[in-house]
Amino acid sequence: VERPAAADRLALAERATDVLGASLDALESGAIDLYKLETICDVTSGLTPEQAREVEAKALTKAPEQTAASLCQRLRRLVLRADPEGAAQRAKARKEDRYAALIPDEDDMVKAYVYLCADKALAIKNRIDKLAVLSKVPGDQRTADQRRADVVCDLLLGGTSNVQAHLYVTAPITMLLGLDDQPGELAGYGPITAGLTREIAGDATWYRLLTDPQSGALLDFGTTTYRPPAALRRFVKARDKTCRTPGCMQPAHRCDLDHTIAYPDGPTAHGNCGLECRRHHRMKQHPDWNLTQPTPGTFVLTTPTGRNYTREPEPAYPN
Ligand SMILES: [Zn+2]
């Protein structure tokens, strides 16, 4: 969240006093700090007083325990749900405000930045990151930051390369079907309007992760070959997020895609695949341990002593 300029602080104080009394109370009692109060004011500023209070009431149930960043994400999500039409209008107006600019800095340097729609920004970041990794040559002394900066220059000033940028957008299936205006979720950015979600979900370079709006559980995929196709691997990584052994938090990039029931007894399908870290992949080979996937994304581990531990799917929409 951008901090309000000094001139805006009075307006912020007025808004808090007139509309967001519950947040002021929470500040007074020490449940939230000033930064969180400002965040609530900022993110709800486009709403009517009634809508703002509705969002505020929901936000305050979790705000005291949340970090400022996760509070901000949750607020954006609540605002999108409370006022999808207004959010679409505001998004359209903001898109008109896009620009690119330079800020002169000291000692021959300049900061260059672009204010633009989140989908394009994430695609750009993704592409820069990938090219920066590929641009590393043996003996390269440049840091990752330096290589990213060099990639930006190469791309804009003529050097060519072509790496596909893959991004994930999570969309409630009812919204893609036009039945409602629930917000989508852009991985790496957070909640986005239904309009932008539909727009990017129609683009083949994006991965659409459809969700059941009630449970938030990710829906389908399926295939009959041994080697999981790239799309299935990406899907399972996005669904599982970490090793699926109950209690293990090893992230997706340190995990293998495991057939829960070994192929060809079990199919190469999302309901029979899951992430397992090296250690738990090995543990699973041992006949005394047993891992099953009773429904896609839910894993049950049976230990040698016969105890069962269940790992529920990670929510597609973090709260
Ligand atoms: Zn593990």
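Up top is the structure these notes are about.
What you see is a predicted model, and the numbers here were worked out from it, not measured in a lab. Within every chain, residues take consecutive numbers counted from 1 along the sequence as written. Only residues with pLDDT of at least 70 get local features here, since the model is predicted, and only at 80 or more are side-chain atom pairs given and counted; chain-wide, interface and lining totals rely on the full set of residues. The side-chain numbers reported here are obtained from all heavy atoms of the structure, hydrogens and water having been left aside.

Enquirer: Report on the overall build of the protein, specifying residues and quantitative values.
Expert: Strands are runs of DSSP state E lasting at least 2 residues, helices are runs of H or I lasting at least 4, and numbering of each runs from the N terminus. Scanning the protein from terminus to terminus reveals 12 helices and 11 strands. Only protein chains enter the area calculation, which uses a 1.4 Å probe; residues under 20% of their type maximum are buried, those over 50% are exposed, and those in between are partly exposed. A total of 319 residues make up the protein; the buried ones form 37% of that total. Put simply, of all contacts in the protein between residues at least 6 apart along the chain, 55% involve residues at least 24 apart. Per-residue and other accessible areas were derived by the Shrake-Rupley procedure at a 1.4 Å probe size, with only the shown protein chains allowed to occlude residues. Carbon together with sulfur atoms contributes 55% to the accessible area of the protein, which is approximately 18,500 Å² in total. Here a residue-residue contact requires only that any non-hydrogen atoms of the pair lie within 4.5 Å.

Enquirer: Run through a negative patch on the surface, naming residues and quoting values.
Expert: Put simply, a patch holds well-exposed residues, over 30% relative accessible area, that have no salt bridge, with like charges counted together within 9 Å and Val, Leu, Ile, Met, Phe, Trp or Tyr side chains within 5 Å. The rule for a salt bridge is simple: a side-chain nitrogen of Lys or Arg has to be within 4 Å of a carboxyl oxygen of Asp or Glu. A positive count includes Lys and Arg, and a negative count includes Asp and Glu. His and the chain ends are not counted in either. Charge coordinates come from a single atom per side chain, which is NZ of Lys, CZ of Arg, CG of Asp or CD of Glu. The grouping of Asp105, Glu106, Asp107 and Asp108 at the surface amounts to a negative patch. Within the secondary structure layout, Asp105 lies in the loop between strand S1 (99-104) and strand S2 (110-115).

Enquirer: I'd like a rundown of the sheet that holds strand S10 (residues 298-302), residues and numbers included.
Expert: Two strands are counted as paired when DSSP detects at least two bridges linking them. One open sheet accounts for three strands, arranged S9-S10-S11; its pairing is antiparallel. Bordering the open sheet on either side are strand S9 (290-295) and strand S11 (308-311), each of which pairs with just one other strand. Looking at each pair of strands side by side, their axes are set apart by 25° on average, direction ignored. Looking at chain direction, S10 and S11 are connected through four bridges and run antiparallel. Opposite Val300, over in S11, you have Thr310 as the bridge partner. Note on definitions: angles span 0 to 180 degrees between N-to-C directions of axes, and those axes are lines fitted to C-alpha atoms, for helices only across the stretch in contact.

Enquirer: A description of the coordination of the zinc ion should follow, citing residues and the corresponding values.
Expert: Here the coordinating atoms are restricted to nitrogen, oxygen and sulfur within 2.8 Å of the metal centre, or 3.2 Å for Na, K and Ca, and because water is not among them the sites may look incomplete. On the protein side, the zinc ion has Cys243 (SG), Cys248 (SG), Cys277 (SG) and His280 (ND1) as donor atoms, found 2.0 to 2.3 Å from it. Around the zinc ion, the four donor atoms are arranged such that angles at the metal cover 96 to 116°; this shape is classified as tetrahedral. In the primary sequence, the donor residues of the zinc ion line up as C-x4-C-x28-C-x2-H. Here His280 lies in helix H12 (residues 278-285) and Cys248 lies in the loop between helix H11 (230-240) and strand S7 (255-259), a separation of 32 residues in the sequence. For the pair formed by Cys248 and His280, the shared burial category is buried. In short, tetrahedral needs four donors with all angles between 85 and 135 degrees, square planar needs four and octahedral six donors with opposite donors over 155 degrees apart and all other angles between 65 and 115, and whatever is left is irregular.

Enquirer: Would you mind going over the side chain of Glu276 in detail, with residue names and values included?
Expert: Residue placement: Glu276 occurs in strand S8 (residues 273-277). Comment: no salt bridge for buried Glu276; closest opposite-charge side chain is Lys284, at 6.8 Å. In the analysis that follows, any N or O atom pair within 3.5 Å is treated as a polar contact, provided that within protein one partner can donate a hydrogen and the other can accept it, and provided that, for residues neighboring in sequence, both atoms belong to side chains. A polar side-chain atom of Glu276 sits 2.7 Å from a polar atom in the side chain of Thr245. Setting aside residues no more than four positions away along its own chain, Glu276 makes contact with Cys243, Arg244, Thr245, Cys255, Asp256, Asp258, His281 and Leu291.

Enquirer: Summarise helix H3 (residues 34-43); cite the residues concerned and give the values.
Expert: Counted residue by residue, H3 has seven buried out of 10 residues, so it is predominantly covered. When we look at burial in H3, the residues that qualify are Lys36, Leu37, Glu38, Thr39, Ile40, Cys41 and Val43. Structurally, H3 contributes buried residues whose contacts are with helix H1 (9-18), helix H2 (21-28), helix H4 (49-62) and helix H5 (68-82).

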